[in-house]
Amino acid sequence: MGTGHRGAFIILIFLSLLFGSCRREDTGPPPFEFLIGVSMANLTEPWRINMDGEIKEEAAKHKNLRVVFTDAADSSERQILDVKKLLAQGIDLLIVSPTDAEALTPVIAEAYDKIPVILLDRSVIGYDYTLFIGPDNQLIGKQAGQYIAELLRENGGEVVEILGRSGSPPVTDRSRGFLARIAHAKNIKVVDEIYADWLRDKSEDRITEWLRTHESVDVIFAQNDAMAYGAYRATEKLGITGIKFVGIDGLPGPEGGIEMVEKGIFAATFTCPTGGKEAVIYAMDILHHEEGIPKKMILRTTLLTKKTLEEGIPTPVSQNRSSGADGKIILGFAQVGKESDWRLANTESIKTAAREAGIELLFRDGEQRQENQIKAIREFIEKKVDVIAFSANVESGWGEVLREAKAAGIPVFIIDRPVDEKDESLWVNLMGSDFLEEGRRSAQWLVKYMDTEEPVNIVELQGTIGSAPAIDRKIGFEEVLKGYPNYKIIHSESGDFFRSTGEEVMRRILVELKENGESFDVLFAHNDDMAIGAIKAMEEVGLRPGKDIVIVSVDGIRDAFKMMIAGKLNCSVECNPLLGPQLMKAVKDYFAGKELPVRIVTSEDVFPTDVARELLRSRKY
Ligand code: GYE
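**Quick look at the overall build of the protein chain**
Part 1 of the argument: The number of helices and strands found in the protein chain is 21 helices and 24 strands.
Part 2 of the argument: At 27 Å, the protein chain has a C-alpha radius of gyration in line with the 25 Å of a compact globule built from 621 residues.
Part 3 of the argument: Its C-alpha atoms give the protein chain principal-axis dimensions of roughly 90 × 80 × 60 Å.
Part 4 of the argument: Scored against the burial criterion, the 621 residues of the protein chain give a buried share of 54%.
Part 5 of the argument: For the protein chain, the share of sequence-separated contacts (at least 6 apart) that also reach a separation of at least 24 residues comes to 73%.
Part 6 of the argument: Within the structure as shown, the protein chain displays about 27,100 Å² of accessible surface, and the carbon and sulfur contribution to it stands at 53%.
Part 7 of the argument: One finds the centroid of the 76 positive side-chain charges in the protein chain at a distance of 3 Å from the centroid of its 98 negative side-chain charges.

Take a look at the structure:
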């Protein structure tokens, strides 16, 4: 074959490969392994253009990956069609940032039925998706409120809030967090809220108009940097000075938040990672069926001021990225104790995962006492371990020892039970369950199951007083019951998460209720172990648990499934203790220099009696 022909032949092969792949369905196997569809809400806001860029950049690192993008231009109708079109193209995974939670929930649930779905930045109603990656918008609002309260100090002052597109989840959440924090500062008044749809020019117009008819203010807080800059331009035009501007996004580049802070135009802004990069990293993990894929990843947001830019953003000891001299990571783990089957499974998961990951584990059992856990953490600091992890028996009182670990340059991971410290730079990452959601799910299941307008009396067995699961499960449960006034908690007492204590406390409650001539219909136990103890006490007095008394509890342990099969327990809301693989993955990612989310929420389910028999065998704990 002459050279001329050979050239033409090569071009021919190239063209057929190119066109072959576009017409995926009819030209045989594509020259790539995975096809991901990305449905963007819009490509007008600088932040979203950044998200798009990050996805493209990360995707380019994977030769076996092809990504197709759609832009809904902020129209929900159009985005629904986009998702349907992407599904028709046979994508293997969908990444979507919904324009509107309600409108997009059905089509995203449809996609989730077929393929994995990653939500970016904005969520949907319910849990029909594989993984949510995004910032905690309420937290960002709170952080902005905190900064403005410190900025205005005792002088106080007046603030205008500029909001994004009305009705979009980030707007309500950021405003809720902001106003909640400002409400604590009595001398600060939010004099007005102005909507500007995330756009610089709209903000400039709206603020120009507002300042023409109102007194000036001390601070303008805008829900993104583009609107904050628009407001600044309005004051410049009107020759008004002295207003402090606070934004959100903290993007690099011209007119980005970093430049605005450096130039002193903004007093502050907050970084708001887009999650584009993480979405592709986790998409590949999901497509390769990796273990430990969480349900939610909340990305870290950080305050940017002139000072933090000069000193470098405080990060949780990120400098100390070198692991043990021999490369072996030494992890010190301070466990809560041995109070329940859940806890025993959690301990086993951590020990096994450390062994499998080749991580050396120093394990200390706190025996339900905070002081023992604090002692263990101090021992780890003294022994100069590479990394510390613990589950906080109770929420408060950890500031001091966490500051000691930080001062020693040792990164801290919190698993399962969070602490109530405000300074989030004291730990690298928090992973575990959404206890509030578990409480809500318990009540949602109950009202659906009871399906009655009649009065319903509830006895509640709380977990360890002061512990995050006990506090939040109670709040979540009561939050839902607020909508059902015929449901009443007539007695609430702690069983400390122990099966034995659950039995003992229930025995006492039964005597007390009898003496008072009272009766109850439902037991809500903060964990299965206490419920199982209470079942024993109920049977002693001739009650039929699961029939006379409806029982809903939390954890999803094997014994609870057996109780459901025996008809003595009605529903168990899952709380996943198998956090070992996720913790070891996060520790390894950390020492590999990967940016870690501030929070990882595990994926969980609700198990009523009718699925117990079929699922018992698959229960790992
Ligand atoms: O529900 C309970 C254990 O912290 C989530 O602690 C955990 C709780 C779990 O004692 O069984």
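Alright, that's what it looks like, and here's the rest.
**A short note on the packing of aromatic side chains**
Part 1 of the argument: Considering all chains together, one arrives at 12 aromatic pairs under this definition.
Part 2 of the argument: Taken together, the ring pairs in this structure connect Tyr-229, Tyr-232 and Phe-245 into an aromatic cluster.
Part 3 of the argument: In this structure, Lys-295 is placed above the aromatic ring of Tyr-129, and the distance from its NZ or CZ to the ring centre is 4.6 Å.
Part 4 of the argument: One residue, Lys-351, lies across the ring of Phe-363, its end atom 4.4 Å from the ring centre.

**Concerning the side chain of Thr-105**
Part 1 of the argument: Counting through the fold element by element, Thr-105 comes out in helix α4 (residues 101–114).
Part 2 of the argument: Relative accessible area serves as the criterion here: at 17%, Thr-105 is assigned to the buried category.

**A look at the state of the cysteines**
Part 1 of the argument: Evaluated as defined, the whole model comprises zero disulfides.
Part 2 of the argument: Here Cys-575 is not cross-linked by a disulfide; its sulfur's nearest cysteine counterpart is in Cys-571, at 14 Å.

**Here's the deal with the pairing of strand β7 (residues 188–195)**
Part 1 of the argument: Direction of pairing for strand β6 (residues 157–163) relative to β7: parallel, over a ladder of seven bridges. Counted as the bridge partner of Glu-161 is Glu-193 from β7.
Part 2 of the argument: A crossover connection joins β6 to the parallel β7 through helix α6 (residues 169–182); in handedness this β-α-β unit is right-handed.

**Description of the site of the ligand**
Part 1 of the argument: In the vicinity of the ligand there are 13 residues, among which Glu-339, Asp-416, Arg-417, Arg-473 and Asp-555 approach most closely.
Part 2 of the argument: Within the side chain of Asp-416, an N or O atom sits 2.8 Å from an oxygen atom of the ligand.
Part 3 of the argument: Between the ligand and Asn-527 there is a distance of 3.0 Å, counted from an oxygen atom to a side-chain nitrogen or oxygen.
Part 4 of the argument: Here the ligand, which alone exposes 300 Å², has 100% of that area covered by the protein.
Part 5 of the argument: Elements with a minimum of two residues in the shell around the ligand: α12 (341–357) and α16 (468–481).
Part 6 of the argument: The class makeup of the residues in the shell around the ligand is five nonpolar, two polar and six charged.

**A look at helix α5 (residues 137–152)**
Part 1 of the argument: A rise of 1.5 Å per residue sets the reference length of α5, with its 16 residues, at 22 Å; its end C-alpha atoms lie 23 Å apart and thus fit the reference within 8%.
Part 2 of the argument: All buried positions along α5 are accounted for by Asn-137, Leu-139, Ile-140, Gly-141, Gln-143, Ala-144, Gly-145, Tyr-147, Ile-148, Ala-149 and Leu-152.
Part 3 of the argument: Where α5 begins, the side chain of Asp-136 points an oxygen toward the backbone nitrogen of Gln-138, at a separation of 3.2 Å.
Part 4 of the argument: Trailing α5 by a residue or two, Arg-153 shows a phi angle of about 45°, which is positive.

**Notes on the sheet that holds β7**
Part 1 of the argument: Strand order in the open sheet made by the four strands is β7-β6-β8-β9, with parallel pairing throughout. At either end of the open sheet lies a strand with only one pairing partner, and these are β7 and β9 (244–246). Strand-to-strand, the axes of this sheet are offset by a mean angle of 20°, without reference to chain direction.
Part 2 of the argument: On top of the sheet, α6 reaches β6, β7 and β8 (219–222); it is set at about 170° to β7, its chief contact.
Part 3 of the argument: Sheet strands in contact with helix α7 (residues 200–213) are β6, β7 and β8, and its direction is about 130° off that of β7.

**With respect to the pattern of salt bridges**
Part 1 of the argument: Considering all chains together, one arrives at 45 salt bridges under this definition.
Part 2 of the argument: Across the salt bridge formed by Glu-437 and Arg-440, the nearest N and O atoms sit 2.9 Å from each other. Placement of both Glu-437 and Arg-440 in helix α15 (residues 435–450) is noted, with a separation of three residues, approximately one turn of the helix. Summarising the burial analysis for this pair, Glu-437 and Arg-440 share the class buried.
Part 3 of the argument: A salt bridge links Glu-539 to Lys-568; the nearest nitrogen and oxygen atoms lie 2.9 Å apart. Of this pair, Glu-539 sits in helix α18 (residues 528–540) while Lys-568 sits in the loop between α19 (558–565) and β22 (571–574), placing them 29 residues apart in sequence.
Part 4 of the argument: Owing to a relative accessible area of 35%, Glu-539 belongs among the partly exposed residues under this scheme.

**Some words on the sheet that holds strand β24 (residues 606–608)**
Part 1 of the argument: Within the open sheet, the six strands sit side by side as β19-β18-β20-β21-β22-β24. Their pairing is mixed. Strands with a single pairing partner mark the edges of an open sheet, and in this sheet they are β19 (487–494) and β24. In this sheet, adjacent strand axes meet at a mean angle of 15° when their direction is disregarded.
Part 2 of the argument: For strand β18 (residues 456–462) and strand β20 (residues 522–525), the ladder comprises four bridges, and the chain directions are parallel. If you follow Val-459 over to β20, its bridge partner there is Leu-523.

**Details of the nonpolar core**
Part 1 of the argument: Grouped together as the largest cluster of nonpolar side chains are 69 residues, with contacts concentrated most on Ile-36, Ile-118, Ile-148, Phe-413 and Leu-583.
Part 2 of the argument: With seven residues, helix α10 (residues 276–287) is the largest single contributor of residues to this core.
Part 3 of the argument: Not counting chain neighbours up to four residues away, the residues in contact with Ile-36 comprise Leu-65, Arg-66, Val-67, Val-68, Ile-91, Leu-93, Ile-95, Ala-283 and Leu-287.
Part 4 of the argument: Among the nonpolar cores identified, the runner-up in size contains 51 residues, and Leu-461, Phe-477, Val-505 and Val-550 belong to it.

Cut-offs and rules
- Residues numbered from 1 in each chain as written.
- Predicted model: local features only at pLDDT ≥ 70, side-chain atom pairs only at ≥ 80, totals over all residues.
- Heavy atoms only, no water.
- Helix = DSSP H or I, 4+ residues; strand = E, 2+ residues; numbered from the N terminus.
- Rg over C-alpha atoms; globule rule 2.2 N^0.38 Å.
- Buried < 20%, exposed > 50% of the residue type's maximum accessible area, 1.4 Å probe, protein only.
- Contact = heavy atoms within 4.5 Å.
- Areas by Shrake-Rupley, 256 points an atom, 1.4 Å probe, with all protein chains shown as cover.
- Lys, Arg positive; Asp, Glu negative; His and termini not counted.
- Charge placed at Lys NZ, Arg CZ, Asp CG, Glu CD.
- Phe/Tyr/Trp six-rings, centres within 6.5 Å; stacked < 30°, edge-to-face > 60°.
- Lys NZ or Arg CZ within 6 Å of the ring centre and 35° of its normal.
- Disulfide = S-S within 2.5 Å.
- Pairing = 2+ DSSP bridges.
- Right-handed = clockwise from strand over helix to strand, strands pointing away.
- Near = heavy atom within 4 Å.
- Polar contact = N/O pair within 3.5 Å; in protein donor to acceptor, adjacent residues only side chain to side chain.
- Nonpolar A, V, L, I, M, F, W, Y, C, P; charged D, E, K, R; others polar.
- Expected span 1.5 Å × (residues − 1).
- Axes fitted to C-alpha atoms, helices over the stretch in contact; angles between N-to-C directions.
- Salt bridge = Lys/Arg side-chain N within 4 Å of Asp/Glu carboxyl O.
- Core = buried A, V, L, I, M, F, W, Y, C linked by side-chain atoms within 4.5 Å.

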